[in-house]
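Secondary and tertiary structure notes
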Amino acid sequence: MAARPDPVSAHAAASVEGVSPHTTLYNGRKASHPLHILIVGCGMGGLAAAHCLGKAGHKVTVFEAAAAIGEVGAGIQVTPNVSRLLRRWGAGDALEAVGVRPEAIVLRRYATGERVGYTRWTDMEEKYGAPYYHIHRADLHKLLFDLAAPFMTLRLQSTVVSVDPDAPSITLGSGEVVQGDMIVGADGVKSLLQRVVLGHTNPAEPTGDAVYRAIVPSHLLLADPELRELVDVPEMTGWMGPRRHIMAYNIRGKNEYNVVLAHPDDGSVESWTAEGSADKMRADFADYEPRVRKILSFVNSTLKWRLMDRKPLKTWIHPSYKVILLGDACHPMLPYRAQGAAMAIEDAAVLGNLLSHLSHPAQLKSLLQAYENLRLPRTAETQRQSRLNQTIFHLPDGPEQEQRDADMRKATEAELRRWREGKRAADEKLAGSANQWADEDKNMAQFAYDADAAAERWWAEVGQKQVGGLRATHGTSRDQQVLSRL
Ligand SMILES: Cc1cc2nc3c(=O)[nH]c(=O)nc-3n(C[C@H](O)[C@H](O)[C@H](O)COP(=O)(O)OP(=O)(O)OC[C@H]3O[C@@H](n4cnc5c(N)ncnc54)[C@H](O)[C@@H]3O)c2cc1C
């Protein structure tokens, strides 16, 4: 068997200072019936799950197909619903060190650059209890890795080729069979574990869109009087056009400018490593305003990625209650609300919190059902909102687009009025705005959500009685420990 790499030195990205995985979670509660949990996939969802399940007292082994782990050269948005968790987990300082706090989202017309949508983001912490960050994907992955490392055994170059959901066990490409007590499928959009859970194939669906991704050194923008402001005032800027849009923002201490360009899919692949043609990218966006064309002229290479999603699944749990799904494996979504990794990380938080209560095997079914009940509706609604932005952003020029822009302008005026008059967002909710970030109810639901609070609430209202009862009928915790070994 190949030597197992030291998990702490296995990460390809530079170290992020300041991660402390020694915080107390779940009020110090740990499962008195610890499981050996096998996690398939060392993406952001798998790492977050390794941290939370480890903190909950379980033994965790993570299996990753890749020979080295890390993330691609691209940015990612960390919204308050996630930064709240990362702070709680001990990564607040690291996040602050590598993240850029955007001041606003600005939505513009593609050809003229005219601003139609504007929502301020400077008061995120005051409104939703945690900040909004733009960061490099490798930095976020490394930060999650540092949180997970003390709690996991990581097996790289370990492709899971089949699963026995009843044992439960996994078989690796090498033929090795590994048995555990429970398996978490965090194996991404092409998930094998999803097929196991559902009992049939259910491939992710093409959304019709693909993206180019590129990072431009910020000094190139700073040297140009027309572009300088994009770095000086770190906003998330979106340019909306027929069947295409661009989102751009600063990362890495405003030293890099991240650009994501959505366009009709013309046969790209679902792989981060696929190189796209920078010239084709420029041609695809040749009718965008001069500032965009200038930024794209700085791009030497680009990554291309086909965007897939999937209708919400009926269940995330195998009937054996020994295999469950998490992250893109169960709810891939368009990145147009910047919530894919966010939902995977929230999944992990809820799962860890719930399984910290485990004191007898008989409780597992109820706890896993609670996980699905808490998570499936929220992720389904987030998938829906992400799809909605595809329609909103990509309207062809014409009456519907004019109506969209008028609606966004109305919300912008309200936002600026509110700002000038020092009013609170709650005063004017802008429900159903075409600028979904102007809709205060949606913001509250998405950004103020606390995954741990949701799990604790369920326990207080339902679980304590339901699951605690199961514990009582199965005797004392000493009895449980003995029983669980039998
Ligand atoms: C263009 C774009 C922009 C995005 N922007 C944002 C954003 O701003 N904010 C946000 O929150 N989200 C964003 N997302 C979504 C986010 O990237 C994903 O939702 C997130 O990375 C999913 O994490 P995951 O751990 O579930 O899956 P993955 O990251 O796909 O990880 C799955 C892992 O499992 C491994 N694996 C797969 N099969 C096997 C197997 N059989 N055996 C062993 N290992 C296996 C893979 O190698 C991989 O490492 C964006 C996505 C895209 C495409």
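Residues numbered from 1 in each chain as written. Predicted model: local features only at pLDDT ≥ 70, side-chain atom pairs only at ≥ 80, totals over all residues. Heavy atoms only, no water.

**Comments concerning the packing of helix H1 (residues 44–55) against helix H11 (residues 340–355)**
Between two packed helices, the angle of one axis relative to the other and the distance separating the axes together describe the packing. Between H1 and H11, the shortest axis-to-axis distance is 8 Å and the interhelical angle comes to 20°. Our classification of the angle between H1 and H11 gives roughly parallel. The two elements H1 and H11 meet at a crossing, and its hand is right-handed. The residues of H11 that touch H1, namely those facing Met44, Gly45, Ala48, Ala49, Cys52 and Leu53, are Ala341, Ala344, Ile345, Ala348, Ala349, Leu351, Gly352 and Leu355. For the contact of H1 with H11, the per-class residue count stands at 12 nonpolar, 2 polar and no charged. (Axes fitted to C-alpha atoms, helices over the stretch in contact; angles between N-to-C directions. Helix = DSSP H or I, 4+ residues; strand = E, 2+ residues; numbered from the N terminus. Parallel < 35°, antiparallel > 145°, perpendicular 65-115°, else oblique. Left-handed = near helix turned anticlockwise from the far one by under 90°. Contact = heavy atoms within 4.5 Å. Nonpolar A, V, L, I, M, F, W, Y, C, P; charged D, E, K, R; others polar.)

**Details of the sheet that holds strand S16 (residues 275–276)**
Strand order in the open sheet made by the 8 strands is S5-S4-S13-S14-S15-S12-S17-S16, with mixed pairing throughout. Whereas interior strands pair on both sides, the edge strands pair on one side only; in this sheet they are strand S5 (115–120) and S16. With 6 bridges joining them, strand S12 (residues 205–217) and strand S17 (residues 302–309) adopt antiparallel strand pairing. Bridge pairing links tyrosine 212 to lysine 304 in S17. Taken strand by strand, helix H10 (residues 290–297) contacts strand S4 (104–109), S12, strand S13 (236–241), strand S14 (244–251) and strand S15 (256–264), and its axis lies near 110° from that of S15. In the packing of helix H13 (residues 399–421) onto the sheet, contacts are made with S4, S5 and S13, and the angle to S5 comes to roughly 40°. (Pairing = 2+ DSSP bridges.)

**With respect to the sheet that holds strand S8 (residues 160–164)**
Ordered by their spatial adjacency, 3 strands build an open sheet running S8-S9-S10, and the pairing between neighbours is antiparallel. Among the strands making up the open sheet, the edge pair consists of S8 and strand S10 (177–179). In this sheet, neighbouring strand axes are inclined to one another by 25° on average, regardless of whether the strands run parallel or antiparallel. When S8 meets strand S9 (residues 169–172), the two strands line up antiparallel, connected through 4 bridges. Following the sheet pairing, serine 162 is matched in S9 by threonine 171.

**Quick look at the site of the ligand**
In the neighbourhood of the ligand, 32 residues make up the surrounding shell, with Gly45, Glu64, Gln77, Arg137 and Asp328 lying closest. In this structure, glycine 45 approaches the ligand through a main-chain N or O atom, which is 2.8 Å from an oxygen atom. The side chain of aspartate 328 places a nitrogen or oxygen atom 2.8 Å from an oxygen atom of the ligand. In the complex, 84% of the free accessible area of the ligand, which totals 1,000 Å², lies under the protein chains. Breaking the shell around the ligand down by element, the ones donating at least two residues are H1, strand S3 (75–78), S12, S17 and H11. A class-by-class count of the residues in the shell around the ligand yields 16 nonpolar, 11 polar and 5 charged. (Near = heavy atom within 4 Å. Polar contact = N/O pair within 3.5 Å; in protein donor to acceptor, adjacent residues only side chain to side chain. Areas by Shrake-Rupley, 256 points an atom, 1.4 Å probe, with all protein chains shown as cover.)

**Considerations on the pairing of S9**
Residues in a regular strand project their side chains so that they alternate between the two faces of the sheet. Linkage of S8 to S9, two consecutive antiparallel strands, is achieved through a turn of 4 residues. The pairing of S9 with S10 spans 3 bridges and is antiparallel. Considered in S10, the bridge of serine 169 is made with glutamine 179. The antiparallel pairing of S9 with S10 creates a hairpin that spans 4 residues between the two strands, and glycine 175 there sits at a positive phi of about 100°.

**A closer look at helix H5 (residues 137–148)**
With 12 residues, H5 ought to run about 16 Å at 1.5 Å a step, and its terminal C-alpha atoms sit 16 Å apart, in line with that. Within H5, 12 of the 12 residues are buried, leaving the element largely enclosed by the surrounding structure. (Expected span 1.5 Å × (residues − 1). Buried < 20%, exposed > 50% of the residue type's maximum accessible area, 1.4 Å probe, protein only.)

**A few points about the side chain of asparagine 353**
Positionally, asparagine 353 belongs in helix H11. When sequence neighbours within four positions are dropped, the list of residues in contact with asparagine 353 reads Tyr26, Arg29, Asp452, Ala455 and Glu456.

**Brief notes about the confidence of the model for the protein**
For the protein, the average pLDDT comes to 91, and 91% of its residues sit at 70 or higher. In the model, residues 1–9 has pLDDT below 50 throughout and makes 14 contacts with residues more than four positions away in sequence or in other chains. Low pLDDT (under 50) marks residues 472–476, which in the prediction has 6 contacts with non-local residues, meaning those over four places away or in another chain. (pLDDT = per-residue confidence, 0-100.)

**Brief notes about H1**
For H1, spanning 12 residues, the distance from its first C-alpha to its last is 17 Å, which sits close to the expected 16 Å at 1.5 Å a residue. A large share of H1 lies buried, amounting to 12 of its 12 residues. Those residues of H1 that sit buried are Met44, Gly45, Gly46, Leu47, Ala48, Ala49, Ala50, His51, Cys52, Leu53, Gly54 and Lys55. The positive-phi residue at the C-terminal boundary of H1 is glycine 57, with phi of around 100°.

**Section: the environment of isoleucine 69**
On the secondary structure map, isoleucine 69 appears in the loop between strand S2 (59–63) and S3. Relative accessible area serves as the criterion here: at 5%, isoleucine 69 is assigned to the buried category. Taking the C-alpha atoms as reference points, isoleucine 69 and lysine 142, separated by 73 residues in sequence, lie 9.3 Å from one another.

**What about the pattern of salt bridges?**
Scanning all chains against the criterion turns up 33 salt bridges. The shortest N-O distance in the salt bridge between arginine 88 and aspartate 452 comes to 2.7 Å. You can see arginine 88 sitting in helix H2 (residues 80–89) and its partner aspartate 452 sitting in helix H15 (residues 451–473), a full 364 residues away along the chain. Classification of arginine 88 by relative accessible area gives partly exposed; the value is 29%. For aspartate 452, a relative accessible area of 8% corresponds to the buried category. Of the charged contacts in the structure, one is a salt bridge between arginine 109 and aspartate 405, with a shortest N-O distance of 3.5 Å. Highlighted residues: arginine 109 in strand S4 and aspartate 405 in helix H13, separated in sequence by 296 residues. Taken as a pair, arginine 109 and aspartate 405 share a single burial class, namely buried. One salt-bridge network, held together by shared partners, links Arg244, Asp266, Lys280, Asp284 and Lys304. (Salt bridge = Lys/Arg side-chain N within 4 Å of Asp/Glu carboxyl O.)

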